[in-house]
Amino acid sequence: MDVLTVRDIHKSFGRRTILQGVGLSVAAGTLVGIVGENGSGKSTLLRILAGELRPDRGDITRIGATGYCPQTVVLNDALTVSQHIAYFWAAYGLHDRERADELIHILGYEQYLGSRVAALSGGTRQKLNLTLALMHEPSLLLLDEPYQGFDWETYLRFWHLADSLRERGAAILIISHLVFEQERFDRLYRLEGGTVRDDTLVPA
């Protein structure tokens with residue numbers, strides 16, 4: 001079953017055309033990547049898919065809850081990690097923090113629960129951002145350069161987490177300017193010239 005279906009998405013800013021006829025689908029339990037050069041419109045597309053930005057034309061169908069992790073981490077520097085978790089726990093209307101605590105353990109940053117975001121490294125901020133996007137167990141996860149700033153151990157932890165999410169039936173869409181391990185993806189698209197083409201079978 002497809003949890004995300006995208007049909008004929010167009011987007012321009014003034015006279016500059018960014019997207020022209022993007023179409024793709026993401027099925028439950030799959031990992032899909034969109035690769036493109038800087039400035040190709042990847043982040044614009046992901047913002048549209050997340051509902052943060054309206055397309056000029058086209059249709060998007062999402063099924064179930066969506067988790068969105070933008071490239072620019074949107075956190076409050078004055079709040080601690082625990083305070084962020086508590087805020088999103090209330091915003092999502094969750095009954096407990098069990099999933100959030102599990103994600104914090106998987107990503108390995110329990111020691112920073114009492115730290116303010118302003119004191120965190122870029123990698124730890126990204127871990128928190130990912131936790132906030134996942135703690136309500138969305139059926140669709142949209143990630144913009146999710147492993148940016150991760151060290152090697154955290155990079156491996158991320159892929160372990162991605163595998164466990166797929167086993168739970170979640171769909172994951174990752175956009176990146178570069179993909180090193182194509183074999184991890186069920187489908188890989190290339191965004192170029194305002195549209196996408198299936199790049200799954202193209203060798204690295």
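Residues numbered from 1 in each chain as written. Predicted model: local features only at pLDDT ≥ 70, side-chain atom pairs only at ≥ 80, totals over all residues. Heavy atoms only, no water.

1. Focus: helix 4 (residues 122-134)
In this model, helix 4 (13 residues) spans 19 Å end to end at C-alpha, consistent with the 18 Å of a helix rising 1.5 Å per residue. The buried fraction of helix 4 is high, at 11 of 13 residues. Next to the buried residues of helix 4 lie strand 5 (66-69), helix 2 (81-92), helix 3 (98-107), strand 6 (140-144) and helix 5 (152-167). (Helix = DSSP H or I, 4+ residues; strand = E, 2+ residues; numbered from the N terminus. Expected span 1.5 Å × (residues − 1). Buried < 20%, exposed > 50% of the residue type's maximum accessible area, 1.4 Å probe, protein only. Contact = heavy atoms within 4.5 Å.)

2. Considering the sheet that holds strand 1 (residues 2-13)
The strands making up a sheet associate through backbone hydrogen bonding, with each pair oriented either parallel or antiparallel. Here 3 strands make up an open sheet; going across it, the order is 2-1-4 and the pairing antiparallel. The outermost strands of the open sheet, each flanked by one partner alone, are strand 2 (16-27) and strand 4 (57-62). Taking the axes of each pair of neighbouring strands and ignoring which way they run, one obtains an average angle of 15° across the sheet. Two elements, strand 1 and strand 4, share 5 bridges in a ladder whose sense is antiparallel. Looking at strand 4, one finds that His10 is bridged to Arg57. Against the sheet, helix 1 (residues 42-50) touches strand 1, strand 2 and strand 4, its axis set at about 125° to strand 1. (Pairing = 2+ DSSP bridges. Axes fitted to C-alpha atoms, helices over the stretch in contact; angles between N-to-C directions.)

3. Quick word on the nonpolar core
Core analysis: the biggest nonpolar cluster contains 36 residues, and Trp159 and Ile174 have the highest contact counts within it. Looking at this core, the elements that each hand over two or more residues are strand 3 (31-35), helix 2, helix 3, helix 4, strand 6, helix 5 and strand 7 (171-176). With 6 residues, helix 5 is the largest single contributor of residues to this core. Those residues in contact with Ile174, other than ones at most four positions away along the chain, are Leu31, Val32, Gly33, Ile34, Leu143, Pro146, Tyr147, Phe158, Trp159 and Phe185. Counting 24 residues, the second largest nonpolar core, distinct from the first, contains Leu19, Ile48, Leu140 and Ala171. (Core = buried A, V, L, I, M, F, W, Y, C linked by side-chain atoms within 4.5 Å.)

4. Here's the deal with the packing of helix 3 against helix 4
One can describe the packing of helix 3 onto helix 4 by two numbers: an axis separation of 10 Å at closest approach and a directional angle of 150°. At the point where helix 3 passes helix 4, the crossing takes the right-handed sense. Along its contact with helix 3, which presents Arg99, Ala100, Leu103, Ile104 and Leu107, the element helix 4 presents Lys127, Leu130, Thr131 and Leu134. When its residues are assigned to classes, the contact of helix 3 with helix 4 shows 6 nonpolar, 1 polar and 2 charged. (Left-handed = near helix turned anticlockwise from the far one by under 90°. Nonpolar A, V, L, I, M, F, W, Y, C, P; charged D, E, K, R; others polar.)

5. What to know about unusual backbone geometry
Phi angles above zero are rare outside glycine, and Glu137 is one such case at about 55°. Mapped onto the secondary structure, Glu137 falls in the loop between helix 4 and strand 6. Of note in this structure, Glu145 is not a glycine but carries a positive phi near 45°. By secondary structure assignment, the location of Glu145 is in the loop between strand 6 and helix 5.

6. Considering the pairing of strand 1
Pairing of strand 1 with strand 2, which is carried by 9 bridges, proceeds in the antiparallel orientation. When the bridges of strand 2 are listed, Ser12 appears paired with Thr17. The hairpin formed by strand 1 and strand 2 contains 2 residues between the paired strands, and Gly14 there has a positive phi angle of roughly 65°.

7. Structural notes on the sheet that holds strand 3
Pairing is mixed in the open sheet, where 6 strands are placed in the order 5-6-7-3-8-9. On the outer flanks of this sheet lie strand 5 and strand 9 (195-198), each paired with one strand and no other. Strand after strand, the sheet turns through a mean of 20° between neighbouring axes, direction not considered. By the bridge criterion, 5 bridges tie strand 6 to strand 7 in an arrangement that is parallel. Bridging from a neighbouring strand, Leu143 pairs with Ile174 of strand 7. The strands touched by helix 4 are strand 5 and strand 6; relative to strand 5, the strand with the most contacts, the crossing angle is about 165°. Of the strands in this sheet, strand 3, strand 6 and strand 7 touch helix 5, which is tilted by about 145° from strand 7.

8. So, the pattern of salt bridges
This structure, assessed with the given rule, holds 13 salt bridges. One salt bridge connects Asp186 with Arg166, and the closest N-O pair in it is separated by 2.7 Å. Taken together, the positions of Asp186 in the loop between strand 7 and strand 8 (187-192) and Arg166 in helix 5 put the pair 20 residues apart, joining distant regions of the chain. Judged by its relative accessible area of 37%, Asp186 falls in the partly exposed class. Taken together, the shared-partner salt bridges connect Arg99, Glu102, Glu137 and Arg168 into one network. (Salt bridge = Lys/Arg side-chain N within 4 Å of Asp/Glu carboxyl O.)

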